[in-house]
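# Structural overview
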Amino acid sequence: MRIVQITDTHIMKEGELLYGTTDTAKHLRAVIAEVNSADPKIDCVLITGDLVEQPNEEAFHHFKKIISGIKPTSFLLPGNHDNPEMMAKVFEGGQEFPPLEEPFQYTLEDFEVRILMLNSHQAGSDLPAFGKDRLAWLEQTLATSKKPVLIAIHHPPMETGMSMVDMVGPEWYQGLDHLIAKSPEVKLVICGHAHSTLTGTLGGVPVYMASSSAYQLAVPRGLDRAPFFISMPASAVLHEWNGDHFRSGPQAWPAGSDEKRIDALSGMDWDSLKKSMRGKK
Ligand SMILES: [Fe+2]
């Protein structure tokens with residue numbers, strides 16, 4: 001199964017630029033164009049929060065219009081910049097964000113891997129929250145199936161070395177840590193939020209933090225300093241389930257690139273090039 005993650009899209013009202021300079025809509029459209037040309041095809045797209053820069057309906061409708069161009073079915077999570085109630089209203093009746101009330105969490109059951117879409121949004125704060133109601137929902141949901149599970153959540157539930165992320169402390173994800181440690185069906189946790197890429201673990205399970213389609217943050221790990229803004233989209237991330245474990249990493253699908261394949265560049269057909277790679281063995 002092939003799952004694509006896009007995160008932290010930070011869409012503005014139509015016609016507006018982030019910080020007056022960065023066209024987050026253009027950056028997202030470029031990522032979508034690549035995802036739409038993915039070969040082999042992908043099964044679904046998960047957009048893991050910070051869908052808009054400011055939670056107003058105009059920005060959400062602009063976001064909705066842009067993601068209507070994604071060919072595979074796509075599913076959404078709220079981030080700290082979003083408003084789950086407003087998302088429920090804007091996407092009511094569609095498949096992208098089905099929950100209508102707290103805890104604003106849901107499952108995707110129609111794939112080879114079960115996907116649990118969690119909510120770490122805390123009203124009035126950029127910091128995460130995952131209280132007992134959300135945790136109880138997760139515990140009950142995990143008890144209903146033994147299929148392999150991927151968990152998606154906006155905030156990274158791990159220590160990152162980034163003061164911007166770690167200032168909340170580890171308490172908010174302790175319940176998640178304990179629950180996942182006793183749930184062997186959970187194979188991967190994915191998140192966004194820090195606009196940079198990092199891996200970690202939660203309850204012994206790999207965590208993959210993907211970077212943003214809108215802009216990058218050069219976060220000085222180990223120093224208590226504000227991050228550096230870089231106006232550049234990250235590639236989408238491909239999480240591939242091979243029947244045993246996930247292989248995760250950024251994946252580009254550049255258009256019109258046949259002449260840039262290394263067999264064409266080296267003047268050899270692919271089989272001959274592979275033979276030369278093997279050497280004399
Ligand atoms: Fe973000």
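Everything discussed here concerns the structure shown above.
Definitions and limits used
Residues numbered from 1 in each chain as written. Predicted model: local features only at pLDDT ≥ 70, side-chain atom pairs only at ≥ 80, totals over all residues. Helix = DSSP H or I, 4+ residues; strand = E, 2+ residues; numbered from the N terminus. Rg over C-alpha atoms; globule rule 2.2 N^0.38 Å. Buried ≥ 20, exposed ≤ 12 C-beta atoms within 10 Å, placed from the backbone. Contact = placed C-beta atoms within 7 Å. Pairing = 2+ DSSP bridges. Axes fitted to C-alpha atoms, helices over the stretch in contact; angles between N-to-C directions. Right-handed = clockwise from strand over helix to strand, strands pointing away. Arc of directions from axis to C-beta.

### A look at the overall build of the protein
Of regular secondary structure, the protein possesses 8 helices and 13 strands. A compact globule built from 281 residues should have a C-alpha radius of gyration of about 19 Å, and the protein, at 19 Å, falls within 12% of that. Projected onto its principal axes, the C-alpha coordinates of the protein cover approximately 60 × 45 × 45 Å. Residues classed as buried in the protein amount to 40% of the 281 residues present. Considering only contacts within the protein whose residues lie at least 6 apart along the sequence, 66% involve residues at least 24 apart.

### Details of the environment of G20
Tracing the backbone shows G20 in the loop between β1 (2-6) and α1 (24-36). Judged by local crowding, G20 falls into the exposed class, with 6 C-beta atoms found within 10 Å. Placed 114 residues apart in sequence, G20 and R134 show a C-alpha to C-alpha distance of 37 Å.

### Brief notes about the pairing of strand β9 (residues 205-209)
Here β9 lies mainly inside the structure; 4 of its 5 residues are buried. In this structure, strand β7 (residues 186-191) lies alongside β9, joined through 3 bridges in parallel fashion. Opposite I190, over in β9, you have Y208 as the bridge partner. Across 5 bridges, strand β8 (residues 198-202) lies against β9 in antiparallel orientation. Across the sheet, G200 pairs through a bridge with V207, a residue of β9. The antiparallel pairing of β8 with β9 creates a hairpin that spans 2 residues between the two strands, and G203 there sits at a positive phi of about 55 degrees.

### As for the sheet that holds strand β12 (residues 237-241)
Taken in spatial order, the 5 strands make up an open sheet running β3-β2-β1-β12-β13, and their pairing is mixed. Looking at the sheet topology across the chains shown, the edges are occupied by β3 (74-76) and β13 (246-250). The sheet shows a mean angle of 20 degrees between the axes of neighbouring strands, taken without regard to direction. Strand direction decides the pairing type here: β1 and β12, joined by 4 bridges, are antiparallel. The residue of β12 that forms the bridge with I3 is H239.

### Describing the pairing of β1
With respect to burial, β1 is a largely interior element, 4 of its 5 residues being buried. Pairing of β1 with strand β2 (residues 44-47), which is carried by 4 bridges, proceeds in the parallel orientation. For I3, the partnering residue across the bridge sits in β2 and is C44. Crossover handedness for the path β1 to α1 to β2: right-handed.

### So, the environment of P254
For P254, the position within the fold is in the loop between β13 and α7 (262-266). Look at P254 and you get exposed, because 9 C-beta atoms sit within 10 Å.

### Digging into the sheet that holds strand β5 (residues 114-117)
Taken in spatial order, the 6 strands make up an open sheet running β4-β5-β6-β7-β9-β8, and their pairing is mixed. At either margin of the open sheet sits one strand with a lone partner, and together these are β4 (106-108) and β8. Strand-to-strand twist across the sheet, computed as the mean angle between neighbouring axes with direction ignored, equals 25 degrees.

### As for unusual backbone geometry
Cis rather than trans, the peptide bond between D39 and P40 has omega equal to 0 degrees. Structurally, P40 can be placed in the loop between α1 and β2. In the segment running from E102 into P103, the intervening peptide bond is cis, with an omega of 10 degrees. When you line up the elements, P103 lands in the loop between α3 (84-90) and β4. One non-glycine residue, F104, lies in positive phi territory at about 55 degrees. Take F104: it is sitting in the loop between α3 and β4.

### A few points about the environment of I180
Mapping I180 onto the fold places it in helix α6 (residues 174-181). Distance from I180 to M277, taken between C-alpha atoms, is 42 Å for residues 97 residues apart in sequence. Leaving out residues up to four positions away in the same chain, I180 has contacts with V186, L202, G203 and V205.

### Observations concerning helix α4 (residues 132-142)
Looking at α4, one finds that the buried residues are R134, L138 and L142. Buried positions in α4, seen along its axis, are confined to an arc of 65 degrees and lie on one side of it. Turned more than 90 degrees away from the buried face of α4 sit K132, D133, A136 and Q140, all of them exposed. Where α4 is buried, its residues touch β5 and α6.

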